[in-house]
Amino acid sequence: MGLAALAGGCIPDSPLPDDFGVCEASEDPLPASPVDTPTYHRDLRPILDAACTGCHTAGGIGPFALDEYASVVAFAPLMLDAVRSGAMPPWPPSRCCTPLQHERELTPEQRAVLERWVEQGAPEGDPADAPPPPTPPGLSRVDLELEMPEPYTPSATIGSSDDQRCFLIDWPADPLGTGDAEVYVTGLDFEPGRRDLVHHAIVYAVPTDKLAEYQDRDNADDGPGWSCPGGVVSAAGGYLGGWVPGAGVHDFPDGLGRQVPANSHLLLSVHYELSAGAAPDQTKLRFKLDNSVTTPVDGLAVMNPAWLVGKTMKIPAGKDDVKYSYAYDPAVWFNKGQPLQVHNVSLHMHELGTSASLAVLHFDGSVDCLLHIEDWDFAWQGEYFLTEPVTVKTGDRLYVECHFDNTQANQPDGAAPQDQWWGDDKEMCIASVMISR
């Protein structure tokens, strides 16, 4: 498929309705607390364990811990304000699009317990009343563990505290020891060597026709891996999954799996943020694997290939709302005109991004909202499995729309705004989807 063919999907005006991804404000009051006198150990701690302590724990990415009574009491007013405003637990996607799995949100009853507990002076209660801690989310089993070939110590680039690095990782010839070289990834987990440095990480199965290119890049760089500002878009079709701080670890939904062909390699793209100082990292990957699955899935990228050529995706200095959008019919290009099912979605921009949307523009003029992030936060991006797959038929188009603010007020480093383009380590506009044919 040529660049000219794909670039033909670009459309000048947003086809999204004005209420795309917008929820009607609820005027329903909170229900009464199901517990008249809640205590920390019996009633509040289970809520925090389920929704908060994955980040807010000693050594975690949260700015303070919420895993002990003393710290919870100290931050109770701040915690209550964050929950009331919807800022916590963090969940960037609009809840008024296609329903997503594993949503992080307190129920109205849980919020009522928190409100009541704070109103009554935050009583501790008896530790003996605490229920058993929940089983932390994770893979149901680990069949394969791989890691970066050697530790890498990131170094900041000029004018930035970031370092984006790519690494090739060998994939074993017989991952399950069953004599079947081709297996399916049915679950994926990341273990950053330094959680205080790894901003996010993405792993791809390298297409055979791209391996030599990546090996040349690796060999040309003196250190482990190679510098890859802006990510590795050419590998997007081999997308296996990603990690961001605070992301839960889950198996893929039942029956879904992403095939990794025999004689493959993995490409691990890691974004390091060095505000905490440089130190060696050797990130690990854990996989749940199966020899067969009911529904094989593939990765597709939704972005305009023309944005990668020259400096066509320009974000001028001083502009407060620069929009780029693109649409194409994946059924024509990837499935000979047969319908596709979308199972997993994600959006990716960098620090100048303000909002982003992913939609299906149906042939009949209707629109399905797959993912909408109204207030983009570079630190809280992720991938999301749909509760139910969405069908894309011939004539339908996948559509991505990104908005950027390149004014002084939105500069992450406080420097004067400069014209920006894709691939300069500043900005991107891309959606990734997992589809079945």
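Here, every reference points to the structure presented above.
Presented here is an overview of the structure given in this document. (Residues numbered from 1 in each chain as written. Predicted model: local features only at pLDDT ≥ 70, side-chain atom pairs only at ≥ 80, totals over all residues. Heavy atoms only, no water.)

Observations regarding the side chain of Thr39
Tracing the chain through its elements places Thr39 in the loop between helix 1 (3-7) and helix 2 (40-51). At 3.4 Å, the side chain of Thr39 forms a polar contact with the backbone nitrogen of Arg42. Apart from residues lying up to four places away in sequence, Thr39 is in contact with Leu44, Trp117, Pro123, Glu124 and Gly125. (Helix = DSSP H or I, 4+ residues; strand = E, 2+ residues; numbered from the N terminus. Polar contact = N/O pair within 3.5 Å; in protein donor to acceptor, adjacent residues only side chain to side chain. Contact = heavy atoms within 4.5 Å.)

A short note on the nonpolar core
Grouped together as the largest cluster of nonpolar side chains are 45 residues, with contacts concentrated most on Trp171, Leu266, Leu267, Leu268, Tyr272 and Phe287. For this core, the element with the highest residue contribution is strand 4 (residues 198-205), accounting for six residues. Filtering out sequence-adjacent residues up to four positions away, Trp171 remains in contact with Leu144, Leu146, Val183, Val185, Val260, Pro261, Ser264, His265, Leu266, Phe287 and Leu289. Formed by 42 residues, the second largest nonpolar core is a distinct cluster that contains Ala301, Trp307, Val322 and Tyr328. (Core = buried A, V, L, I, M, F, W, Y, C linked by side-chain atoms within 4.5 Å. Buried < 20%, exposed > 50% of the residue type's maximum accessible area, 1.4 Å probe, protein only.)

Describing the packing of aromatic side chains
Tallied over the full model, the rule gives 14 aromatic pairs. Look at Tyr152 and Tyr272: their rings are 5.8 Å apart centre to centre, the planes differ by 45°, and that puts the pair in the tilted class. Taken together, the positions of Tyr152 in the loop between strand 1 (144-147) and strand 2 (162-170) and Tyr272 in strand 8 (residues 265-273) put the pair 120 residues apart, joining distant regions of the chain. Like Tyr272, Tyr152 is buried. Aromatic pair Trp307 and Tyr324: ring centres 5.9 Å apart, planes at 80°, arrangement edge-to-face. Placement of Trp307 in the loop between strand 10 (295-302) and strand 11 (322-328) and of Tyr324 in strand 11 is noted, with a sequence separation of 17 residues between them. An aromatic cluster of three or more residues is present, and its members are Trp307, Tyr324, Tyr326, Tyr328, Phe334 and Trp422. Lying across the ring of Trp421, Lys311 places its NZ or CZ 4.3 Å from the centre. (Phe/Tyr/Trp six-rings, centres within 6.5 Å; stacked < 30°, edge-to-face > 60°. Lys NZ or Arg CZ within 6 Å of the ring centre and 35° of its normal.)

A closer look at the pairing of strand 12 (residues 340-348)
Burial analysis of strand 12 places eight of its nine residues in the buried class, which makes it a mostly covered element. Pairing geometry for strand 12 and strand 15 (residues 383-392), over six bridges, is antiparallel. Bridging from a neighbouring strand, Ser346 pairs with Glu383 of strand 15. The pairing of strand 12 with strand 17 (residues 430-436) spans seven bridges and is antiparallel. Bridging across to strand 17, His348 finds its partner in Ile430. (Pairing = 2+ DSSP bridges.)

Here's the deal with the state of the cysteines
One pass over the structure, following the stated rule, counts three disulfides. Between the sulfur atoms of Cys97 and its disulfide partner Cys369 the distance amounts to 1.7 Å. Between Cys97 and Cys369 the disulfide shows an S-S torsion of about 40°. By sign, it is right-handed. Pair noted here: Cys97 is in the loop between helix 4 (76-85) and helix 5 (108-119) and Cys369 is in strand 14 (residues 367-373), with a separation of 272 residues, a long-range link. (Disulfide = S-S within 2.5 Å.)

Nothing here speaks to function; it is geometry throughout.
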